[in-house]
Amino acid sequence: MSISHYIKEIGRGSKGARSLTRAQACELMGLLLDGRVSDLELGGFCIAMRFKGESADELAGFLDATLQRLPAWPQDGSAGPVVVIPSYNGARKLANLTPLLAGLLARQGLAVLVHGCDTESRRVGTQAVWQELGWKVIERPMALEPGDMAWMRTRHLLAPLERLLQLRRQMGLRNPAHSLVKLLDPMQGPDLRRCGLVLASYTHPAYAESMAQTLALRGTSALLLRGSEGEAVAPPHREPASMGLIAGRICFERSAVHSSQLADDGDNTAPEQDLDAAQTARLIEDMLAGRRPVPAPIVAQIQQILALHAAMQNPGAQTHADLQALHRNPD
């Protein structure tokens, strides 16, 4: 089926391009995921969207189509919300501490799912570090118990979605799939306790508003932050700006601060840079064993995640007050 009429709308240049409605975006992404689009039109779509950028309605529609095609996820009722950590950027300079975040959250009794894949060859991806650590890898949806954590590659969630992501290697450009996977909640539960708590991240501040709007449109519970090189973990040297949402409603917003201004309950110095997967795994093992302190911004991030997780399980005045206490205005 031709998508030329959609490309005509989004490909008119910076002044003439028009955003699709949510329903149109859902139909378009469905055609892409179902393989009903020619390679020429697929390339045209990727380039046009790269120039235009995704609107919140478009991202919500792309997510609608993706979630319609995901397999059902069995859940352990005792686990509560599963913390979902998308991992698609990897690390180029700083250590990739996404597995550290997953390990620390699991130690707090939370169930954690990390999903992702590498789309560049020059970065240290989470999958490589995870395998060095010898941690649990799954290839199909399965119930996660409290304190459990697992890595799942995107192709085992939805193979056509990974194919869209891998176009970056051929074209040298990201496409909307790279944005939607960072907002993806595979759990899709019927209530807060059975939905995921998504750790959504962005690299460029310009994406913060559209991602927050998309989370609101989808009614997603999430911690949205400017992550470390695009990963959903706080940079080791600076607590990033962040926003907490439950069912799409903003609960708190925090301005960014340098780690030197944080309470002295973590390490205020950044770990070594330019580490390979094996070196990163050893660093994470040292931090989990207490031989190296955990960076203070990650300690602060965990506190925010725990507060959101508690509020999802037991909504009420006290948990609402705990979330409000996390709010921090810029100086």
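Calculation rules
- Residues numbered from 1 in each chain as written.
- Predicted model: local features only at pLDDT ≥ 70, side-chain atom pairs only at ≥ 80, totals over all residues.
- Heavy atoms only, no water.
- Helix = DSSP H or I, 4+ residues; strand = E, 2+ residues; numbered from the N terminus.
- Buried < 20%, exposed > 50% of the residue type's maximum accessible area, 1.4 Å probe, protein only.
- Areas by Shrake-Rupley, 256 points an atom, 1.4 Å probe, with all protein chains shown as cover.
- Lys, Arg positive; Asp, Glu negative; His and termini not counted.
- Charge placed at Lys NZ, Arg CZ, Asp CG, Glu CD.
- Pairing = 2+ DSSP bridges.
- Contact = heavy atoms within 4.5 Å.
- Axes fitted to C-alpha atoms, helices over the stretch in contact; angles between N-to-C directions.
- Phe/Tyr/Trp six-rings, centres within 6.5 Å; stacked < 30°, edge-to-face > 60°.
- Salt bridge = Lys/Arg side-chain N within 4 Å of Asp/Glu carboxyl O.
- Core = buried A, V, L, I, M, F, W, Y, C linked by side-chain atoms within 4.5 Å.

(A) Broad picture of the overall build of the protein chain. The number of helices and strands found in the protein chain is 14 helices and 10 strands. Reported as C-alpha extents along the three principal axes, the dimensions of the protein chain are approximately 55 × 45 × 45 Å. Across the 331 residues in the protein chain, those meeting the buried criterion constitute 57%. By element, 48% of the accessible surface of the protein chain is carried by carbon and sulfur atoms, the whole surface being about 14000 Å². Taken together, the 34 basic and 34 acidic charged side chains of the protein chain have centroids lying 5 Å from each other.

(B) Local environment of the pairing of strand E4 (residues 149-153). With respect to burial, E4 is a largely interior element, 5 of its 5 residues being buried. On E4, burial covers both faces: Met 149, Trp 151 and Arg 153 on one face and Ala 150 and Met 152 on the other are all buried. Both strand E2 (residues 112-116) and E4 contribute to a ladder of 5 bridges, which runs parallel. Residue pairing across strands places Leu 113 opposite Ala 150, the latter belonging to E4. Here strand E3 (residues 137-138) pairs with E4 via 2 bridges, running parallel.

(C) Summary view of the sheet that holds strand E5 (residues 196-202). Strands sit in the order E3-E4-E2-E1-E5-E6-E8-E9 across an open sheet of 8 strands; the sheet is mixed. Across the chains shown, the open sheet's two edge strands, defined by having one partner strand only, are E3 and strand E9 (249-254). As paired elements, strand E6 (residues 221-226) and strand E8 (residues 242-246) share 4 bridges and run antiparallel to each other. Across the sheet, residue Leu 223 finds its bridge partner in E8, namely Gly 244. Strand contacts of helix H7 (residues 126-133): strand E1 (82-87), E2, E3 and E4, with the helix running at about 135 degrees to E4, the strand carrying the most contacts.

(D) Quick peek at the environment of Arg 249. In this structure, Arg 249 sits in strand E9. Judged by its relative accessible area of 65%, Arg 249 falls in the exposed class. Separated by 34 residues in sequence, Arg 249 and Leu 215 have C-alpha atoms that sit 8.5 Å apart.

(E) Layout of the side chain of Glu 162. Among the structural elements, Glu 162 can be located in helix H9 (residues 159-171). Setting aside anything within four residues of it in sequence, one finds Glu 162 in contact with Cys 117, Arg 153, Thr 154 and Arg 155.

(F) Main features of the packing of aromatic side chains. One pass over the structure, following the stated rule, counts 2 aromatic pairs. For the ring pair Phe 45 and Phe 62, a centre distance of 6.2 Å and an interplane angle of 85 degrees mean the geometry is edge-to-face. Linking Phe 45 in helix H4 (residues 39-52) with Phe 62 in helix H5 (residues 56-69), this pair joins segments that are 17 residues apart in sequence. An identical accessibility class is assigned to Phe 45 and Phe 62; each is buried. Seen in terms of ring centroids, Trp 130 and Trp 135 are 5.1 Å apart; in terms of plane orientation they differ by 90 degrees. Their pairing is edge-to-face. Among the residues examined, Trp 130 registers a relative accessible area of 0% and is labelled buried.

(G) Molecular detail of the pattern of salt bridges. Enumeration according to the criterion identifies 14 salt bridges in this entry. Across the salt bridge formed by Arg 18 and Glu 9, the nearest N and O atoms sit 3.1 Å from each other. The class of Arg 18 is partly exposed, set by a relative accessible area of 45%. A salt bridge links Arg 254 to Glu 239; the nearest nitrogen and oxygen atoms lie 2.9 Å apart.

(H) Spatial organisation of the nonpolar core. Ranked by internal contacts, the top residues of the largest apolar core, which has 58 residues, are Leu 32, Phe 45 and Leu 224. For this core, the element with the highest residue contribution is helix H3 (residues 22-33), accounting for 7 residues. By size, the runner-up hydrophobic cluster in this structure holds 48 residues, among which are Leu 110, Val 114, Met 149 and Ala 232.

All we've got here are geometric facts, nothing functional implied.
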